[in-house]
Amino acid sequence: MNNKKRYSIDDCNVVSLPKHTRPNGNLTVAEGNISVPFDIRRVYYLYDIPAGEERGGHAHKQLQQFFIAVSGSFDVIIDDGDNRRTITLNRPFTGLHIRPGIWRELNNFSSGAVCLVLASEHYDEDDYIRIYDEFIAYSKEDKQ
Ligand code: TYD
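Basis of the calculations
- Residues numbered from 1 in each chain as written.
- Predicted model: local features only at pLDDT ≥ 70, side-chain atom pairs only at ≥ 80, totals over all residues.
- Heavy atoms only, no water.
- Pairing = 2+ DSSP bridges.
- Helix = DSSP H or I, 4+ residues; strand = E, 2+ residues; numbered from the N terminus.
- Core = buried A, V, L, I, M, F, W, Y, C linked by side-chain atoms within 4.5 Å.
- Buried < 20%, exposed > 50% of the residue type's maximum accessible area, 1.4 Å probe, protein only.

Caption draft 1: Fine view of the pairing of strand 8 (residues 84-89). When strand 7 (residues 74-79) meets strand 8, the two strands line up antiparallel, connected through six bridges. Within strand 8, the residue paired with aspartate 75 across the bridge is threonine 88. Linking strand 7 to strand 8, which pair antiparallel, is a turn of four residues; within it glycine 81 sits at a positive phi near 100°.

Caption draft 2: Highlighting the nonpolar core. Core analysis: the biggest nonpolar cluster contains 20 residues, and Phe74, Val76, Ile78, Leu89, Leu96, Leu106 and Cys115 have the highest contact counts within it. Of all elements in the fold, only strand 6 (65-71), strand 7, strand 8, strand 9 (94-98) and strand 11 (114-119) reach the threshold of two or more residues within this core. Considering every element that reaches this core, the biggest residue donor is strand 7, with three residues. Judged by nonpolar contacts, the second largest core, of eight residues, contains Val15, Val36, Ile68 and Leu116.

Dropping the structure here:
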């Protein structure tokens, strides 16, 4: 029996992070299990993305992620196998929580965009589903 929990795109929330506004600039904090809904084990960031390029194009079986446009803007397309939605991230105090089993594509990066990613697990290539047809098959498994 497979115990994997099935998430939909409606379980992927846009979250406002605390913003401390001061005359000398702003500060936003992201804390694991407080504003970010999981323990943070890994941080990475995408930058110097050439115009017109795309990132992502995969799903994860277990990994949870939290995406923040710390500079500039980009679109995140999320897909649960049944429905698909595009979310524009363009504020350094707003993040998108992506649950396990959700296909994602990132595109429409502005010049100078930086995408900060907080992740619940260390890097594991075996956790990736990189072929869309395999993702669709995976998303249909165990469906009632
Ligand atoms: P990938 O997750 O496919 O990037 P994206 O979703 O942004 O397009 O990763 C790109 C490459 O970087 C791939 O060869 C694996 C490597 N990588 C690591 O070694 N460690 C990491 O934590 C991540 C996220 C990627």
